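Structure at a glance
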Amino acid sequence: MNETPENSLHKIVIVGGGAGGLELATRLGEALGRRGKAHITLIDRNWTHIWKPTLHEIAAGSMDMGDHEVGYLAQAHWHGFRFRIGEMTGIDRARREVHIASFVDAESKEVTPKRSFAYDTLVISVGSQCNDFGTPGVREYALKLETAKDARRFHARMINACVRAHAQAGPLRPEQLHVAIIGAGATGIELAAELHHTTREVVAYGLDRVDAEKDIKLVVIEAAPRVLPALPERLSSATEGLLRKLGVEVLTNAKVSEVLPNAVRLADGRELPAELVVWAAGVKAADFLAHLDGLESNRINQLLVRQTLQTTLDENIIAMGDCACCPWPEKNGFVPPRAQAAHQQASHLFRQLQRRIKGKPLQDFHYHDYGSMVSLGKFSTVGSMMGGLMKGSLFIEGSFAKLMYISLYKMHELALHGWPKVTLDSLIRLITRRTEPHVKLH
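Below: a short report on this structure. Per chain, the residues get numbers from 1 upward, laid out in the order the sequence is written. The model is predicted, so local features are restricted to residues of pLDDT at least 70 and side-chain atom pairs to those at 80 or more, both for listing and for counting; the totals for chains, interfaces and linings are taken over all residues. As a convention, hydrogens and water are excluded, and side-chain values are obtained from all of the structure's heavy atoms.

**Comments concerning the overall build of the protein**
- A run of H or I in DSSP becomes a helix once it reaches four residues, and a run of E becomes a strand once it reaches two; helices and strands are each numbered from the N terminus. Within the protein, the regular secondary structure consists of 11 helices and 30 strands.
- Looking at the protein residue by residue over its 442 residues, the buried ones come to 53%.
- Sequence-distant contacts, at least 24 apart, represent 64% of the contacts inside the protein between residues at least 6 apart. Each residue is assigned to one of three classes by its accessible area relative to the maximum for its type, calculated with a 1.4 Å probe on protein chains only: buried under 20%, partly exposed between the two thresholds, exposed over 50%. Here, two residues are considered to be in contact whenever any of their heavy atoms come within 4.5 Å of each other.

Written out as structure tokens, the structure is:
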């Protein structure tokens, strides 16, 4: 089945409704779709969008996902683009078609058949996923935080682990209430800090047979010499110090050789008992991108793109966000897979695709690094400000760093909803937060 618009308007198909993809679809829908200047179609395998950097809060239970989900169908209706459900399986560059798998619901019933969508411009924005490097036991026994479904699954298992420990008659087994987080990047660090707080609040809700200080143990395992290895060393040192103050065990220079049903085995032979294991190490793009009708990709499946974000072998196909290997000439490297990069690329492409429709060449994308922020939950936020904000870099922490961290999410919300809705929603959340439990138990 093919879906082809009846008229000859320029067809922009965006695959992937993550931070960059949904922002781009929303802005193009408002500027072009509503005004009949182009057909804008967004394709994603899920019905709703959640900002990926918040998954650790959903997993820990400190954020109610229902307050932050964005329904693609509703967003498309209000902002002038079309949404279609399904997972991309391939493309036909000669026919300019993108192929989408059939969508099957939770009861294994087909909702939509296999389909193909015609495009004049295809934007691939499918994000990234964890790279387990083929480590034995990861797929069988470790949890990942790649989707909202993953976050909900971890949260349910965490709550069940606490209730089970409270209700059982016998003593705790060695692995019970032990959480091993493999990977000390931003996701692993932020999850550890949130869990330190939320597990104690869960226990305080009447699970008095569990001693949070004695029974609950969090360990962060990192193969590199320090936590947050991709960020400035001062930021790394401050973060590790704060984690240790909270009682989180931090193991660096520790490579995981295998994940077992109730433990993590390190390369030096040590075994760390763990009831819950989270794999948060390594990043790669989806495997299917490595075989996408001849397009060039790198060793972690990212599509190679020019400075314009057009793929190296096809100017009609653009890649953005984590799935794109984009040159960063100012640093003699490549743009890092961060939310701020996807946001900047969405803003850039919003302007450039309007130029493309008018027959003008695309201009180069230049990434501006405004620094990095790492939230340690209610305890602190640390970060560095750099790039276009100032000469050199500035280490910040505390309330100001927390404000900067929150502003990243607010920028995303503003791109999707505009000032009136974001302001009203923020006020409602501030008011209801005073009357609702701090930790979600569902």
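**What to know about the nonpolar core**
- Buried Ala, Val, Leu, Ile, Met, Phe, Trp, Tyr and Cys residues form a nonpolar core when they are joined through side-chain atoms within 4.5 Å. Counting 55 residues, the largest nonpolar core has Ile14, Leu24, Leu28, Val98, Leu122 and Ile124 as its most contacted members.
- If one sorts the elements of this core by residue count, helix H1 (residues 19–33) sits on top with six residues.
- Apart from residues lying up to four places away in sequence, Ile124 is in contact with Val15, Met88, Leu289, Leu292, Leu303, Ile317, Ile318, Ala319, Met320 and Cys323.
- If you look at the next biggest cluster of nonpolar residues, it comprises 43 residues, including Ala59, Ala151, Ala165 and Leu207.

**Observations concerning the packing of H1 against helix H3 (residues 72–79)**
- Only the stretch in contact is used when fitting a helix axis, every axis being a line fitted to C-alpha atoms; angles between N-to-C directions are given from 0 to 180 degrees. At a closest axis distance of 8 Å, the pairing of H1 and H3 adopts a crossing angle of 25 degrees. Here H3 runs roughly parallel to H1, going by the angle between their axes. Residues Leu22, Thr26, Gly29 and Glu30 of H1 form the contact with H3, whose participating residues are Tyr72, Gln75, Trp78 and His79.
- Here the residues of the contact of H1 with H3 are counted per class, giving three nonpolar, four polar and one charged. The scheme is simple: roughly parallel for angles under 35 degrees, roughly antiparallel for over 145, roughly perpendicular for 65 to 115, oblique for anything else. Residue polarity is assigned by list, with Asp, Glu, Lys and Arg as charged and Ala, Val, Leu, Ile, Met, Phe, Trp, Tyr, Cys and Pro as nonpolar; anything else, Gly included, falls into the polar class.

**Notes on H1**
- Compared with the 21 Å implied by 1.5 Å per residue over 15 residues, the 20 Å span of H1 between its first and last C-alpha is a close match.
- Counted residue by residue, H1 has 12 buried out of 15 residues, so it is predominantly covered. Expected helix span is given by 1.5 Å per residue-to-residue step, counting one fewer step than there are residues.

**A closer look at a positive patch on the surface**
- Together, Arg35, Lys37, Lys358 and Lys360 give the surface a local cluster of positive charge.
- Relative to the elements of secondary structure, Arg35 occurs in the loop between H1 and strand E3 (38–44). Exposure above 30% relative accessible area and the absence of a salt bridge qualify a residue for a patch, where like charges join within 9 Å and nonpolar side chains (Val, Leu, Ile, Met, Phe, Trp, Tyr) within 5 Å. Using the Shrake-Rupley algorithm and a 1.4 Å probe, accessible areas are obtained, with residue cover drawn only from the displayed protein chains. We define a salt bridge as a contact between a side-chain nitrogen of Lys or Arg and a carboxyl oxygen of Asp or Glu at a distance within 4 Å. We treat Lys and Arg as the positive residues and Asp and Glu as the negative residues; His and chain ends play no part in the count. A charge is said to be at NZ when it belongs to Lys, at CZ for Arg, at CG for Asp and at CD for Glu.

**What about the pairing of strand E2 (residues 10–15)?**
- Across the six residues of E2, six count as buried, placing the element largely inside the fold.
- Burial along E2 is two-sided: the residues His10, Ile12 and Ile14 and Lys11, Val13 and Val15 are all buried.
- Bridging between E2 and E3 involves six bridges; their strand directions are parallel. Residue Lys11 lies in a different strand from E3, and its bridge partner there is His39. Paired strands, in this sense, are two strands between which DSSP finds at least two bridges.

**Notes on the sheet that holds strand E14 (residues 178–182)**
- Sheet architecture is open: four strands sit in the order E16-E15-E14-E20, paired in parallel fashion. Lying at the two open borders of the sheet, with one neighbouring strand each, are strand E16 (249–251) and strand E20 (276–279). Pairs of neighbouring strands in the sheet enclose a mean axial angle of 15 degrees, with direction left out of account.
- Where E14 meets strand E15 (residues 217–221), five bridges bridge the pair, whose relative direction is parallel. Looking at E15, one finds that His178 is bridged to Lys217.

**Some points on the sheet that holds strand E18 (residues 263–266)**
- As summarised here, the arrangement of the three strands in space is E17-E18-E19, forming an open sheet in which the pairing is antiparallel. A single partner strand is all that each edge strand has here, and the edge strands are strand E17 (256–260) and strand E19 (271–273). Direction aside, the axes of adjacent strands within the sheet are offset by 20 degrees on average.
- Looking at chain direction, E17 and E18 are connected through four bridges and run antiparallel. Along E18, the bridge assignment pairs Leu260 with Ala263.

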